[in-house]
Amino acid sequence: GEQRGSIDFDNVSFSYEAAGGDPVLRNVTFSCLPGQTVGIIGSTGSGKSSLVNLIPRFYDASSGTIRVNGKDISGMNPRILREKIAVVPQKTVLFTGTVLENICFGNEQATREEIEHAAKMAEAHDFITSFPEGYDTLLGQKGVNFSGGQKQRVSIARALVRKPEILILDDCTSAVDVATEANIKEALRTYAQHLTCLIIAQRITSVMDADQIVVMDQGRIVGLGKHEELMGSCKVYQEIFQS
Ligand code: DUT
């Protein structure tokens, strides 16, 4: 349908404690169209991860409504909801096993072609194939040790091989250099045009070219728009830009 990959937050508040906890999200409202790239930026503790973790229902909102593809997620089966959504977490989790096993984890029916395509989009294929064993390279205790940025790219490939409608990158390109990160975003634009992407980042260059940018401060959205608009209107964004 036409709404594949749309996300709507309507006056969403959230606290980690069921009763009376300090809200970490306050009256969050924004919409994301199918295929859009949305950047999320803000200081540490401002609620960026909490916000995206509500989308696959890792936690449920305390009040307000979240819709995915136009449907209120509070009435959806989390397992079915999560089939559409891939989250690349802040902390990369790779296990002892081959690169191939690590990319396919949770998606063992993926074909070799699908795996290589995902790895190419994540800018991982070239460094993987530069190892003599290629995709059969063993990671972990008895294997090779990838760099932080290489691990993050394997983790992104793992998300892409699932062919999600919504991809959430939770500050998972921090160890990837700016040029490589730009290549990943370009590959996603080219090969996954209908994929909705939410990108949490610390660096402004990671979100500058997004269709819209959500600026978070103390659990609230304090800016919403494109880079140029925010540079003209949002003090918090200007401060991040200058830092
Ligand atoms: N918080 C909890 N419990 C959790 C996770 C976070 O109480 O399991 C609090 C810490 C913080 C607020 O929620 O006061 C928002 O945290 P979040 O991790 O969402 O903020 P962030 O913007 O993603 O911070 P960072 O950039 O450091 O990842």
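Cut-off values and rules
- Residues numbered from 1 in each chain as written.
- Predicted model: local features only at pLDDT ≥ 70, side-chain atom pairs only at ≥ 80, totals over all residues.
- Heavy atoms only, no water.
- Helix = DSSP H or I, 4+ residues; strand = E, 2+ residues; numbered from the N terminus.
- Buried < 20%, exposed > 50% of the residue type's maximum accessible area, 1.4 Å probe, protein only.
- 1 Å grid on protein atoms, 1.4 Å probe; cavity = no way out; pocket = protein on both sides within 12 Å on 5 of 7 lines; lining within 4 Å.
- Points joined across faces, edges and corners; volume = space filled by probe spheres on them.
- Nonpolar A, V, L, I, M, F, W, Y, C, P; charged D, E, K, R; others polar.
- Pairing = 2+ DSSP bridges.
- Domains from an automatic or database assignment.
- Contact = heavy atoms within 4.5 Å.
- Buried area = accessible area lost by both parts, 1.4 Å probe.
- Salt bridge = Lys/Arg side-chain N within 4 Å of Asp/Glu carboxyl O.
- Polar contact = N/O pair within 3.5 Å; in protein donor to acceptor, adjacent residues only side chain to side chain.
- Disulfide = S-S within 2.5 Å.
- Phe/Tyr/Trp six-rings, centres within 6.5 Å; stacked < 30°, edge-to-face > 60°.

### Observations regarding unusual backbone geometry
Most peptide bonds take the trans configuration, and most residues that are not glycine carry a negative phi. Positive phi outside glycine occurs at arginine 57, with the angle close to 60°. Among the structural elements, arginine 57 can be located in the loop between α1 (48-53) and β4 (63-68). Here arginine 57 falls in the buried class, since its relative accessible area comes to 15%. Residue glutamine 218 is not a glycine yet carries a positive backbone phi of 45°. Structurally, glutamine 218 can be placed in the loop between β11 (212-217) and β12 (220-225). Glutamine 218 gets classed as exposed once you look at its relative accessible area, which sits at 63%.

### A short note on empty space enclosed by the protein
A complete count under the given rule lists 1 cavity of 30 Å³ or more for this structure. One number sums up the size of the largest cavity: a volume of about 30 Å³. Lining the largest cavity we find Leu169, Thr173, Glu181, Ile184, Lys185 and Ile199. Considering every element that reaches the lining of the largest cavity, the biggest residue donor is helix α7 (residues 178-191), with 3 residues. Split into classes, the residues belonging to the lining of the largest cavity amount to 3 nonpolar, 1 polar and 2 charged.

### As for the sheet that holds strand β1 (residues 7-14)
One open sheet holds the 4 strands; their spatial order is β2-β1-β4-β5, and the pairing between them is antiparallel. Whereas interior strands pair on both sides, the edge strands pair on one side only; in this sheet they are β2 (25-32) and β5 (71-72). Relative to β5, β4 runs antiparallel, the two sharing 2 bridges. When the sheet's bridge partners are listed, arginine 67 is paired in β5 with aspartate 72.

### Description of the domain arrangement of the chain
By a widely used convention, the size of an interface equals the accessible area lost when the partners come together. Taken domain by domain, the chain consists of domain 1 (1-84 + 165-243) and domain 2 (87-163). A straight line from the C-alpha centre of domain 1 to that of domain 2 covers 25 Å. On the side of domain 2, 17 residues touch domain 1, which itself brings 23 residues to the contact. Of the roughly 1,600 Å² buried between domain 1 and domain 2, counting both surfaces, carbon and sulfur atoms make up 64%. Applying the counting criterion to the domain 1 and domain 2 interface returns 0 salt bridges. The interface formed by domain 1 and domain 2 includes 8 residue pairs in polar contact (both at pLDDT 80 or more).

### Here we look at the state of the cysteines
Taken as a whole and judged by the stated rule, the model has 0 disulfides. With no disulfide of its own, cysteine 32 lies closest to cysteine 197 among cysteine sulfurs, the gap being 9.0 Å. On the basis of relative accessibility, which here comes to 2%, the residue cysteine 32 falls in the buried class. Free of any disulfide, cysteine 104 has its nearest neighbouring cysteine sulfur in cysteine 172, separated by 19 Å.

### A short note on the packing of aromatic side chains
With the rule as written, the count across this model stands at 7 aromatic pairs. Judged by centre distance (5.2 Å) and plane angle (85°), the rings of phenylalanine 127 and phenylalanine 146 are edge-to-face. Of this pair, phenylalanine 127 sits in helix α5 (residues 125-129) while phenylalanine 146 sits in the loop between β8 (138-139) and α6 (148-160), and the two are 19 residues apart along the sequence. Judged by relative accessible area, phenylalanine 127 falls into the buried class, the value being 10%. Using a relative accessible area of 4% as the deciding quantity, one classes phenylalanine 146 as buried. Seen from their ring centres, phenylalanine 131 and phenylalanine 146 are 5.2 Å apart, and the 40° between their planes marks the pair as tilted. Placement of the pair is phenylalanine 131 in the loop between α5 and β8 and phenylalanine 146 in the loop between β8 and α6, with a sequence separation of 15 residues. Members of the aromatic cluster, connected to one another through ring pairs, are Phe14, Tyr16 and Tyr59.

### A few points about the pairing of β4
Pairing analysis gives 5 bridges linking β1 to β4, with the strands arranged antiparallel. Across the sheet, isoleucine 7 pairs through a bridge with valine 68, a residue of β4. From the end of β4 to the start of β5, which pair antiparallel, there are 2 residues, and asparagine 69 there has a positive phi angle of about 55°.

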